[in-house]
Amino acid sequence: MASLSVKPGQRFTLPDWKNHSLLISADAEQQRFNSHHIRQEGRVLRNDTGNQAKWDEHNSRTHLKDRITTVDKWREALAKCLTDLDLEIDALGKVKEAAENAIQAKNLCLDVAIECLTFRESRRDIDVVRDPVEEELHKEVKVIEKIKKELQQRVDDAFRQLCRLKEARQQLSCDHRHKVEALELDRQCMSFNRTSGNISFKVNPTRIPDGSTALSEWELNSRCNKERADAEMRASVDLRGAITLAIAQTNNELDAQRIATEFALRKRMRDMEAALSELRWQEKNTLEEIAEMEEEIRQLEEDIKKRTLDLKVAHTRLETRTYRPHIELCRDQAQYGLTDEVQQLEGIIRALQQKRTESQDALDALYRQLHRIQTDIGYKTNSLQLDNKCMDTRRKLVVPVEKFDPEVDAVSRTRNLPRESQLELA
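Residues numbered from 1 in each chain as written. Predicted model: local features only at pLDDT ≥ 70, side-chain atom pairs only at ≥ 80, totals over all residues. Heavy atoms only, no water.

### A closer look at the UniProt feature "coiled-coil region" (unreviewed entry) in the protein chain
Look at the UniProt record and you will see "coiled-coil region" (unreviewed entry) annotated at residues 134-161, 276-310 and 342-369. In residues 134-161, helix accounts for 100% and strand for 0%; the two terminal C-alpha atoms are 40 Å from one another. Helix and strand shares over residues 342-369 are 100% and 0% respectively, and the end C-alpha atoms of the span are 39 Å apart. (UniProt positions renumbered as here; feature names shortened; annotations may be inferred. Helix = DSSP H or I, 4+ residues; strand = E, 2+ residues; numbered from the N terminus.)

### A short note on the nonpolar core
Among the nonpolar cores identified, the biggest contains 56 residues, and Leu151, Leu172 and Ile243 are the most heavily contacted of them. Counting only elements with at least two residues in this core, the list comes to α1 (14-120), α2 (132-191), α3 (215-321) and α4 (333-394). For this core, the leading source of residues is α1, giving 21 residues. When sequence neighbours within four positions are dropped, the list of residues in contact with leucine 151 reads Ala102, Ile103, Lys106, Ala246, Ile247 and Thr250. (Core = buried A, V, L, I, M, F, W, Y, C linked by side-chain atoms within 4.5 Å. Buried < 20%, exposed > 50% of the residue type's maximum accessible area, 1.4 Å probe, protein only. Contact = heavy atoms within 4.5 Å.)

### A closer look at the packing of α1 against α4
At a minimum axis separation of 9 Å, α1 and α4 run at an interaxial angle of 170°. The orientation of α1 with respect to α4, classified from their angle, is roughly antiparallel. Packed against α1, whose contacting residues are Val112, Glu115, Cys116, Phe119 and Arg120, the element α4 presents Leu386, Asp387, Lys389, Cys390, Thr393 and Arg394 at the interface. Classifying every residue of the contact of α1 with α4 by side-chain character gives five nonpolar, one polar and five charged. (Axes fitted to C-alpha atoms, helices over the stretch in contact; angles between N-to-C directions. Parallel < 35°, antiparallel > 145°, perpendicular 65-115°, else oblique. Nonpolar A, V, L, I, M, F, W, Y, C, P; charged D, E, K, R; others polar.)

### As for the side chain of glutamine 257
For glutamine 257, the location among the structural elements is in helix α3. Apart from residues lying up to four places away in sequence, glutamine 257 is in contact with Glu136, Lys139, Glu140 and Val143.

### Observations concerning the side chain of lysine 96
Of note, lysine 96 is situated in helix α1. Classification of lysine 96 as buried rests on a relative accessible area of 15%. Setting aside residues no more than four positions away along its own chain, lysine 96 makes contact with Val155, Ala158, Phe159 and Leu162.

### Let's talk about the confidence of the model for the protein chain
Model confidence for the protein chain is summarised by a mean pLDDT of 85, while 91% of its residues fall at 70 or above. Considering each helix and strand of the protein chain separately, the mean pLDDT is smallest for helix α5 (residues 408-412), with a value of 40, and largest for α2, with 91. In this model residues 400-426 is a low-confidence stretch, pLDDT under 50, and it forms 52 contacts with partners more than four residues away in sequence or in other chains. (pLDDT = per-residue confidence, 0-100.)

### Re the packing of α2 against α3
One way to put it is that α2 packs onto α3 with a least axis distance of 9 Å and a crossing angle of 165°. When the axes of α2 and α3 are compared, the pair comes out roughly antiparallel. Like other packed secondary-structure pairs, α2 and α3 cross with a definite hand, here left-handed. Residue composition of the contact of α2 with α3, grouped by class: 24 nonpolar, nine polar and 17 charged. (Left-handed = near helix turned anticlockwise from the far one by under 90°.)

What follows is the structure, encoded as structure tokens:
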């Protein structure tokens, strides 16, 4: 018969079996408890970390918005300041150009004054005199040279101020450009979210980049750039006002000097015309006197000829009576009369000849005086012609080309620039 096969091994008792079941149940319950606790902790952690992440992201987004607002305010302020700078640079450039044109116009005035002096160097003899006209012309030359020097100094000041304005604009433009770039980057950061395709892990993102600045330093830099630009614009406005005033003052000064010169020139021309009128009157009277003197000399010569003929008659009579014969050759009254007549005629002829000599000398003196008068008339006519040329030349100055009437806004446009930054930045 078959035998029962008994597998060898340890045999557990029923209590062991029950204990084992109870242990498994207890372990299962403990594991479930532990799992539940861990799940609860995980849920709390997820809630806490989720909320924390949301608040952190919200805070970061808020900070980015605030930063964008702050940078944008500065960008707007710098942009407005750049616009004002561009307008001021343009206005100062126009005033500088006006001053240069004024200097160029003074060259015409100087050329005219020198040309007048050159004309008057052609005066001759006694008319080469240091008269008020020459003094005023020399004074006008000095005034023009002084005005040109002053205006050139203003032009140099304007050039240096333009350089400072452009330097301030360059710094301001660089700052403005950097803020535009920063705004673009911060707005790009604002657009990032979990679904963005261009997000990724970065190497050491929390590092402090080289060249980083503190917030106070950043704001101080922008404020300094703007305040410097404002200061340079205020200085430019003051300089433009000074240049405009200098142009007006120099024009007035030159106009006054020009009027004084032309007044002296006209007075000199009137004096010259009066002198010419007097000389021509003297010439006319001298010519009349010469004609009368020539007629008188002709009459004297005719009388001398007549008296000479009378003397010849008397001489002939006396000579003829010397041939009376013998006793008839007596010294009678006729002889005495003829002798007296000869003596009288000889005296008369000598007196007439003396008078003729004196008259001829007077006529020669009259001719010399006439020559002197006519020469002086020539000198003064030449001087008057030269002064007329001066007046014709000075007609170029009737409408000065350097007149400058600046626009009011060109001077006062930036008068109300803030002395200090008025920005209220968050």
